[in-house]
Amino acid sequence: MAVLNDPILAYRLRWKRRRLLFRALRKRPQLRSVINRTDQIAKGDILAAVTVRNEMVRLPYFLEHHRRLGVAHFLFVDNNSNDGTPEFLARQPDVSLWGTPHSYKLSRFGMDWLTALLARHGHGHWCLTLDADEIFIYPHHDTRPLPALTDWLEREGRDSFGALMLDMYPKGRLSEHAYHPGDDPFSALCWFDGGNYMIQRKPDLQNLWIQGGVRARCFFGDEPRRAPTMGKIPLVRWNRRFAYVSSTHSLLPRRLNHVYAEDGGEMASGILMHSKFLNVIVDKSAEEKRRREHFANSDLYDTYYDSLIEDPDLWCGASTKYISWRQLEAMGLMSKGNWI
Amino acid sequence: MLVHTAFDRAEQVARHWAAAGCPLVIHADKSVPKATYDAFVKSLSNLPDVRFSKRHRCEWGTWGLVAATQSASQLMLDQFPDVRHVYLASGSCLPLRPVQELIDYLAERPQTDFIESATTADVPWTIGGLDQERFTLRFPFSWRKHRYLFDRYVALQRAVGYKRRIPNGIVPHMGSQWWCLTRQTLSAILSDPERETYDRYFKTVWIPDESYFQTLARQYSRQIESRSLTLSKFDYQGKPHIFYDDHLQLLRRSDCFVARKIWPFANRLYDAFLTDKAGAMKQTEPNPGKIDRIFAKAVERRTRGRPGLLMQSRFPVEGRENGLTCAQYSVFEGFSDLFENFETWLAKATGTRVHGHLFAPGRAEFSERQTVMNGALSDSASLRDYNPRAFLTSLIWNTRGERQCFQMGPRDHVKKIEWYIAKDPNAQISVITGAWAVPLFKSNANFSDIRQEAARLQQTESKHLEVLRSPWTKARVRIWTMAEFIEAPMEPLQTIIDEIGQQNLRGLSEVPRMSDLSGFGQFLQNLKNQGMHPYLMGDFPVAHDPHEPQQNKPKPYLVQ
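Residues numbered from 1 in each chain as written. Chains lettered and ligands numbered in written order. Predicted model: local features only at pLDDT ≥ 70, side-chain atom pairs only at ≥ 80, totals over all residues. Heavy atoms only, no water.

(A) Fine view of the overall build of chain A. Regarding its fold elements, chain A presents nine helices and 15 strands. For chain A, the C-alpha radius of gyration of 19 Å lies close to 20 Å, the compact-globule estimate for 340 residues. Counting only C-alpha atoms, chain A reaches 50 × 50 × 45 Å along its principal axes. Split into buried and exposed, the 340 residues of chain A put 62% on the buried side. Here the analysis covers contacts within chain A between residues at least 6 apart in sequence; of these, 74% occur between residues at least 24 apart. Carbon together with sulfur atoms contributes 51% to the accessible area of chain A, which is approximately 13,200 Å² in total. When the 47 basic and 40 acidic side-chain charges of chain A are each reduced to a single mean position, those positions are 8 Å apart. (Helix = DSSP H or I, 4+ residues; strand = E, 2+ residues; numbered from the N terminus. Rg over C-alpha atoms; globule rule 2.2 N^0.38 Å. Buried < 20%, exposed > 50% of the residue type's maximum accessible area, 1.4 Å probe, protein only. Contact = heavy atoms within 4.5 Å. Areas by Shrake-Rupley, 256 points an atom, 1.4 Å probe, with all protein chains shown as cover. Lys, Arg positive; Asp, Glu negative; His and termini not counted. Charge placed at Lys NZ, Arg CZ, Asp CG, Glu CD.)

This is the structure we're talking about:
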């Protein structure tokens, strides 16, 4: 019978994927188009899909960085911002914007909305699915634009590219470091945890479940199981039949989760530099604690928010200072694989 | 020049060749749409010495590429009688040195054919297990499009023992597709009376573009230089590496004439090399060796990875780790129970990083009581126990370059990690069995509690010893009973420390201080009297033996 287990699981997952796609389709009417410039999307363009809520502070740098990498068009879903985010985004020439007042949590943390948009606009394109506080980098990103990476991935026969989320934090209390929109957030948030990641392979979806980093160290020391998942698969050559399962940590069909080598070799991979710990986090945590929109069982995360509201110092003597992607590569946080 | 994509770059390079006075024959893949092809032809129409040859469908690893090369070569030889050397290039090839230097180089070697050509038996180039068989089986199905049929048909031929006859006893050679042949050799190949036979044979050889000319050139050439003038690197799957802007200096240093493949959008490379003045590179022999090393490393990185690294894109299944950890480390069991100052002594004697009990129930006892170690590894017991394997591999990885030593014992949380350490060839495990009884002996607890605890620790340790003695254990394990060890403690210590092998050439000048064990024999006897038989420490006499050396004094110990 064991022989049959995998085909049975594969079949169940196929239905799960269909359910997710159907669910996204059902949620599609929740999105109201604010500005639609998708007719600008040309064949072979690289797209980025993002759900945002009050991200005015981070968006200028986010857009600048990913434009520089070679993202040709951004698909944004604005979830009820009141800080001018939608107006700002609508002014950008390469952004298509949708708005929705509905629940982020009930939309599987925005994934339903983005799945619907990607199915419609992302089919056949390389798509980056990000949060506004994630800055995507990869080996050679300073000299080779994204199309170089995606061309190479295609030649390798790969449809997806993994990235480890790296929580960046400042030295000293979070609120001490002023930040002006448009600046490089990582001039202050230049520290990270370099070698405390814990990996398990998920037997069902076959993705790697990576935990660790500064949040596991500082907030989840007693309950490591609840520590946030740090492995993501943000870059995918999208097909309208694909669906993200939980955030961008795993996808269906399962083969897209194989962004790691099991034979001892290393595959190329990237990093999502996480600008979560900008000074605004302190106030925002109080609000998020009230809204209960970010975790499936939000009650369990109250202490986490409380710790953040207290404006902690996350830095420790063993923190590593960020220098360049080559450093991250040498430390083994990401890999060039055979892309040299 | 074989072209199938990136026509703007192809045009740019064609103009570059033409500007140096080289006549050019271009072959465009038949699958290129007519409009694109026509535009391309038109764009080059103002160059006098450019011809376009009959188009063939060129799929990777098929005869089409050879047919294309044949037609183009024929056209070249027919139309340009002055041509002495024919250089086969592709649209994504980029001349690195001024074309005039190549012309001069070839002029100095008028009889030489530059074609990489080796027999399959002599080189390990082939990927996918088909070496000699690529010449003795038939391959009518496309490897890319019909992989299943391809594999099945190979399996079938193997099963029935089918073997083709190689015509006229030629010896198949193979090598890089990109060659530079003299008119004499090339025309001899093309006008060979047996060409029909050869063509028919090579049509169903696998990847004929890497063997047709390579084999036949051996028949006619007067002087073969078995190397390609085109710098072309292959990855572990046999696909060519692509060069990008940041390879500029690397390519310059290679002193090669032509490189492929260049990423079509590598503007800096095209700008730099197509405008280089003569002499921008040293006028020396091509020297791809420098590049070779870097690319060989990349292949190794992709196929073998960095040993002892677990990360988002390297997570080997059991058995494929190629090293569970990245460096050697030492595990000491019982030593810190038996010696009072073992950790400080060991650190001093070996200059290594010595931790306490890393897997202690309360916290990971890092050296110098640190709460976080390199890589921000936390001392939290729950984080550690959540994934002890990650904890240990991270610790060893994060401290690369500094040897780690740590204590272990039956009081620790060893269950989840003991197998992992035992299977790790990098681990050096030294055990004094039964030494866990010393702290009990010194403790002030009620004897019934001591008895219970002793029973528990003895059971844990004996299970642990089973692991260490199992046939799957790959670590270097040394086990002494406590009685055995205190008989002559310096010898084992010296051995262990020599094996760690760091800066300790003078022998041990200082010995660790052993706990005072007078009365220990009686203590063990008391346990026995209570029905708990402590056997792991070996045979201790009940009464303190007056002839036993005094352990609490440093023993003079001379080495050399």
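(B) Up close: the side chain of B:Thr393. Residues and elements named next belong to chain B. As for its placement among the helices and strands, Thr393 is situated in helix α16 (residues 388–398). At a separation of 2.7 Å, a polar atom in the side chain of Thr393 contacts the main-chain carbonyl oxygen of Arg389. In contact with Thr393, not counting residues within four places along its chain, are Gly308, Leu310, Leu324, Thr325 and Tyr420. (Polar contact = N/O pair within 3.5 Å; in protein donor to acceptor, adjacent residues only side chain to side chain.)

(C) Up close: the interface of chain B and chain A. Taken together, the contacts link 48 residues of chain B with 59 residues of chain A. Counting the surface chain B buries against chain A, the share from its top three residues, B:Gln312, B:Phe315 and B:Tyr386, is 19%. Summed over the shared surface of chain B and chain A, the result is five salt bridges. Salt-bridge contacts for B:Arg301 lead to A:Glu329; the nearest nitrogen and oxygen are separated by 2.8 Å. On inspection of chain B and its partner chain A, the count reaches 36 residue pairs in polar contact (both at pLDDT 80 or more). Contributing elements (two or more residues each) for the side of chain B that touches chain A: α12 (289–303), β15 (372–373), β16 (377–378), α15 (381–386) and α16 of chain B. Counted by class, the side of chain B that touches chain A contains 22 nonpolar, 15 polar and eleven charged residues. (Buried area = accessible area lost by both parts, 1.4 Å probe. Salt bridge = Lys/Arg side-chain N within 4 Å of Asp/Glu carboxyl O. Nonpolar A, V, L, I, M, F, W, Y, C, P; charged D, E, K, R; others polar.)

(D) Representation of the sheet that holds strand β2 (residues 24–28) of chain B. All names here are of chain B. Read across the open sheet, the three strands follow the order β1-β2-β3; overall the sheet is parallel. The sheet is open, and its two edges are formed by β1 (2–3) and β3 (50–52), each paired on a single side. Taken together, the two bridges between β1 and β2 define a ladder with parallel strand orientation. Bridged to Leu2 within β2 is His27. (Pairing = 2+ DSSP bridges.)

(E) Examining the domain arrangement of chain B more closely. Annotation of chain B at the domain level lists domain 1 (2–128 + 166–303) and domain 2 (329–529). Here the C-alpha centre of domain 2 of chain B lies 63 Å away from the C-alpha centre of domain 1 of chain B. (Domains from an automatic or database assignment.)

(F) Summary view of the sheet that holds strand β4 (residues 95–99) of chain A. Residues and elements named next belong to chain A. Across the sheet, which stays open at both edges, the nine strands sit in the order β1-β4-β3-β2-β5-β11-β7-β14-β6 with mixed pairing between neighbours. This sheet does not close on itself; its edge strands, each paired only once, are β1 (32–35) and β6 (134–137). Direction aside, the axes of adjacent strands within the sheet are offset by 25 degrees on average. Two strands pair when backbone bridges link them, and strand β5 (residues 126–131) and strand β11 (residues 231–237) are joined in this way by three bridges, in the antiparallel orientation. Its bridge partner lying in β11, Cys127 is registered against Val236. Sheet strands touched by helix α2 (residues 59–69): β2 (47–52), β3 (73–78), β4, β5 and β6. Its angle to β6, the strand with the most contacts, is close to 20 degrees. (Axes fitted to C-alpha atoms, helices over the stretch in contact; angles between N-to-C directions.)

(G) Examining unusual backbone geometry more closely. Residues and elements named next belong to chain A. Of note, the bond from Leu252 into Pro253 is cis; its omega dihedral lies within 30 degrees of zero at -5 degrees. When you line up the elements, Pro253 lands in the loop between β13 (250–252) and β14 (270–274). At Asn80, a position not held by glycine, the phi torsion is positive, near 60 degrees. Unlike most non-glycine residues, Asp311 shows phi in positive territory, near 60 degrees.

(H) Quick peek at the state of the cysteines. Under the counting rule described, the total for this entry stands at zero disulfides over all chains. Sulfur of B:Cys180: no disulfide; nearest cysteine sulfur belongs to B:Cys22 and is 10 Å away. (Disulfide = S-S within 2.5 Å.)

(I) Spotlight on helix α19 (residues 447–468) of chain B. Spanning 22 residues, α19(B) covers 31 Å between terminal C-alpha atoms, matching the ideal 32 Å at 1.5 Å per step. Every buried residue of α19(B) is listed here: B:Ile450, B:Ala454, B:Leu457, B:Gln458, B:Glu461, B:Ser462, B:His464, B:Leu465, B:Val467 and B:Leu468. (Expected span 1.5 Å × (residues − 1).)

(J) Quick look at the side chain of A:Asn338. Topologically, A:Asn338 is positioned in the segment after α9 (325–330). For A:Asn338, a relative accessible area of 2% gives the class buried. For A:Asn338, the contacting residues outside a window of four places in its chain are A:Trp152, A:Glu156, B:Asp235, B:Tyr236, B:His241, B:Ala298 and B:Arg302.

(K) Looking closely at the packing of aromatic side chains. Using the criterion set out here, one finds 51 aromatic pairs over all chains in the structure. Look at A:Phe136 and A:Phe161: their rings are 6.1 Å apart centre to centre, the planes differ by 90 degrees, and that puts the pair in the edge-to-face class. You can see A:Phe136 sitting in strand β6 and its partner A:Phe161 sitting in strand β7 (residues 160–167), a full 25 residues away along the chain. Given the relative accessible area of 0%, A:Phe136 is considered buried. A:Phe161 gets classed as buried once you look at its relative accessible area, which sits at 0%. Three or more aromatic residues joined by ring pairs form one cluster here, namely A:Phe136, A:Tyr138, A:Trp152, A:Phe161, A:Trp339, B:Tyr244, B:Trp263 and B:Phe265. Geometry around A:Trp15 places A:Arg18 over its ring, the cationic atom sitting 4.8 Å from the centre. One Lys or Arg, A:Lys171, reaches over the ring of A:Trp315 and ends 4.2 Å from the middle of that ring. (Phe/Tyr/Trp six-rings, centres within 6.5 Å; stacked < 30°, edge-to-face > 60°. Lys NZ or Arg CZ within 6 Å of the ring centre and 35° of its normal.)

(L) Quick peek at the packing of helix α7 (residues 281–291) of chain A against helix α8 (residues 302–309) of chain A. Residue and element names in this part refer to chain A. At a closest axis distance of 8 Å, the pairing of α7 and α8 adopts a crossing angle of 150 degrees. By the criterion of interaxial angle, the relationship of α7 to α8 is roughly antiparallel. Once α7 is placed against α8, the crossing between them reads as left-handed. Along the contact surface, α7 presents Ile281, Val282, Ser285, Ala286, Glu288 and Lys289, while α8 presents Asp302, Tyr305, Asp306, Leu308 and Ile309. Grouping the constituent residues of the contact of α7 with α8 by class yields six nonpolar, one polar and four charged. (Parallel < 35°, antiparallel > 145°, perpendicular 65-115°, else oblique. Left-handed = near helix turned anticlockwise from the far one by under 90°.)

(M) Structural context of helix α22 (residues 520–529) of chain B. Residue and element names in this part refer to chain B. Buried within α22 we find Phe520, Gly521, Phe523, Leu524 and Leu527. The arc that holds every buried residue of α22, seen down its axis, measures 160 degrees, which confines them to one face. Packing partners of the buried residues in α22 comprise α18 (437–442), α19 and α20 (482–487). The positive-phi residue at the C-terminal boundary of α22 is Gly531, with phi of around 90 degrees. (Arc of directions from axis to C-beta.)

(N) Broad picture of the pairing of strand β17 (residues 404–408) of chain B. Residue and element names in this part refer to chain B. Counting buried residues in β17 gives five out of five residues, a clear majority hidden from the surface. Every second residue of β17 is oriented toward a common face, with Gln404, Phe406 and Met408 on one face and Cys405 and Gln407 on the other, all of them buried. Looking at chain direction, strand β13 (residues 329–333) and β17 are connected through five bridges and run parallel. Looking at the pairing, Phe332 lines up with Gln407 of β17. In terms of strand pairing, strand β14 (residues 353–357) meets β17 through three bridges, oriented parallel. The partner of His357 across the bridge, within β17, is Gln407.

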